[in-house]
Amino acid sequence: MTTPDPPPLAGIKVLEFAGLAPGPFAGLLLADYGAEVIRIDRAVAPSSAAPSPPPPTADNLTRRKTSIAVDLKSPSGLALITSLIPHVDVVIDPYRPGVLEAAGLSPEKVLRRLNPRLVVARMTGFRRDGKYRDMAGHDINYLAVAGVLGMLGRRGERPYAPGNILGDFAGGGAVCFVGILLALLWREKSGHGQVVEANMVDGSAFMATFPRLAMRGPLWERDRGDNVLDGGCPYYDTYETKDGKFMAVGALEDKFFAALLHGLSISPSSLPGPRLDRTTWPHLRRVFKSTFLQKPRAEWEAIFDGTDACVTPVLEQRELAAAGYDQRPLVTLQESPGYAVAEGDSGRPAAVGQGLGVEGAGWAERGLRPGEGGEEVLRRWVGWKRGVQFESERGGLVWLERGRKARL
């Protein structure tokens, strides 16, 4: 297996201000496709309560990243950041509106004046210009005001938030990543960067484009949990098996529904009417429920494997890890693949269409300590060395100017 071409973002330098979930996820995607990402952590002075070196932070989205610790309230720490800005391509801002400005790092008035080619990606929960702009929130709140949460859940039950996948990651980090790529593409044409504003309200609302448009027709015109794709349809649902596990059923089309009945040993003539007749759905659900409970999941897997019934096991993450399931990059690029999520030797690709592998195989992350690896990256990026361009003070890097700390 030959070594592939460099990933598409090789050579892109990214500063990621430490944050939660969506910002780090955007940085992770950039790193997976070749960008070099330095996370800027909060400086913590060493003490008996905070040992040196500090332990890894709670952020698990640190694959291939390094870190520097900087006190942004320190003039010398701020000077280090502003001195670095002309040498980077992307800054990821995960803060609430006004935080960077208050720190003296306004994207328009400071950062982009220092580097007109800079892309500043700003990731917020609520809209920057909306009713909730100054409020704290989490994934569930962003989905709620976007009209997405109200579409999720079983009939007659409360709205159900599916973890933090839709807001933080799909509508947040992934959308921010797309915005960064678009800005970099525009930079190739125009020669200058821009500010990218992503928020989880608009991002998750856009992810709901299909069901929102489908509300005008029979697919999604009913209340929550009573539509074809949200749990209302008995042949698009999950069913418990004899051993307490589950099977997923998605037999929407005629031929798939016929294959489902065949696998369940249910005669079409025994049904009370056509499958599209909603009055038959309560009966179908009862029959499917009782039938799936008659066998353990493994037996149902064997029955439906290789068929077009659109029936699959609901696999748990622990099962996949134990089976050695290979986690893969977001998208496979054959000529210039992103780095592999799977484990692999340092000198060769982990799999066809994937770049070099990393420790953990996508199931675990060792974490990243504040300050870990960042100084070496600064040396490679701009030739900076400790004691010459910067020094460490109270757990954070500070800029040196003519041998003395900068005073702004």
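About the thresholds
- Residues numbered from 1 in each chain as written.
- Predicted model: local features only at pLDDT ≥ 70, side-chain atom pairs only at ≥ 80, totals over all residues.
- Heavy atoms only, no water.
- UniProt positions renumbered as here; feature names shortened; annotations may be inferred.
- Pairing = 2+ DSSP bridges.
- Helix = DSSP H or I, 4+ residues; strand = E, 2+ residues; numbered from the N terminus.
- Axes fitted to C-alpha atoms, helices over the stretch in contact; angles between N-to-C directions.
- Contact = heavy atoms within 4.5 Å.
- Salt bridge = Lys/Arg side-chain N within 4 Å of Asp/Glu carboxyl O.
- Buried < 20%, exposed > 50% of the residue type's maximum accessible area, 1.4 Å probe, protein only.

- An unreviewed UniProt entry annotates the chain as Alpha-methylacyl-CoA racemase-like protein originating from Phyllosticta capitalensis.
- A UniProt comment under Sequence similarities (unreviewed entry) is attached to the chain, and it reads "Belongs to the CoA-transferase III family."

### Brief notes about the sheet that holds strand 9 (residues 311-313)
Thought 1: Ordered in space as 7-8-9, the three strands form an open sheet in which the pairing is antiparallel. Lying at the two open borders of the sheet, with one neighbouring strand each, are strand 7 (236-240) and strand 9. Going from strand to strand, the sheet's axes swing by 25° on average, the running direction of each strand aside.
Thought 2: When strand 7 meets strand 8 (residues 246-250), the two strands line up antiparallel, connected through five bridges. Its bridge partner lying in strand 8, Tyr236 is registered against Gly250.
Thought 3: Relative to the sheet, helix 10 (residues 281-292) contacts strand 7, strand 8 and strand 9, its axis offset from that of strand 7 by approximately 40°.
Thought 4: Most of the contacts of helix 11 (residues 297-304) go to strand 8, to which it runs at about 30°, and overall it touches strand 8 and strand 9.

### Section: the pattern of salt bridges
Thought 1: Considering all chains together, one arrives at 29 salt bridges under this definition.
Thought 2: Across the pair Asp93 and Arg122 runs a salt bridge, and its minimum N-O distance is 2.7 Å. Linking Asp93 in strand 4 (residues 90-93) with Arg122 in strand 5 (residues 119-124), this pair joins segments that are 29 residues apart in sequence. Across the pair, exposure class does not vary: Asp93 and Arg122 are buried alike.
Thought 3: Taking the shortest distance from any N to any O, the salt bridge between Arg154 and Asp237 comes out at 2.8 Å. Residue Arg154 is found in the loop between helix 5 (139-145) and helix 6 (165-190), and its partner Asp237 is found in strand 7; the two are separated by 83 residues along the sequence.
Thought 4: Taking the relative accessible area as the measure of exposure, Arg154 reaches 35% and is therefore partly exposed.

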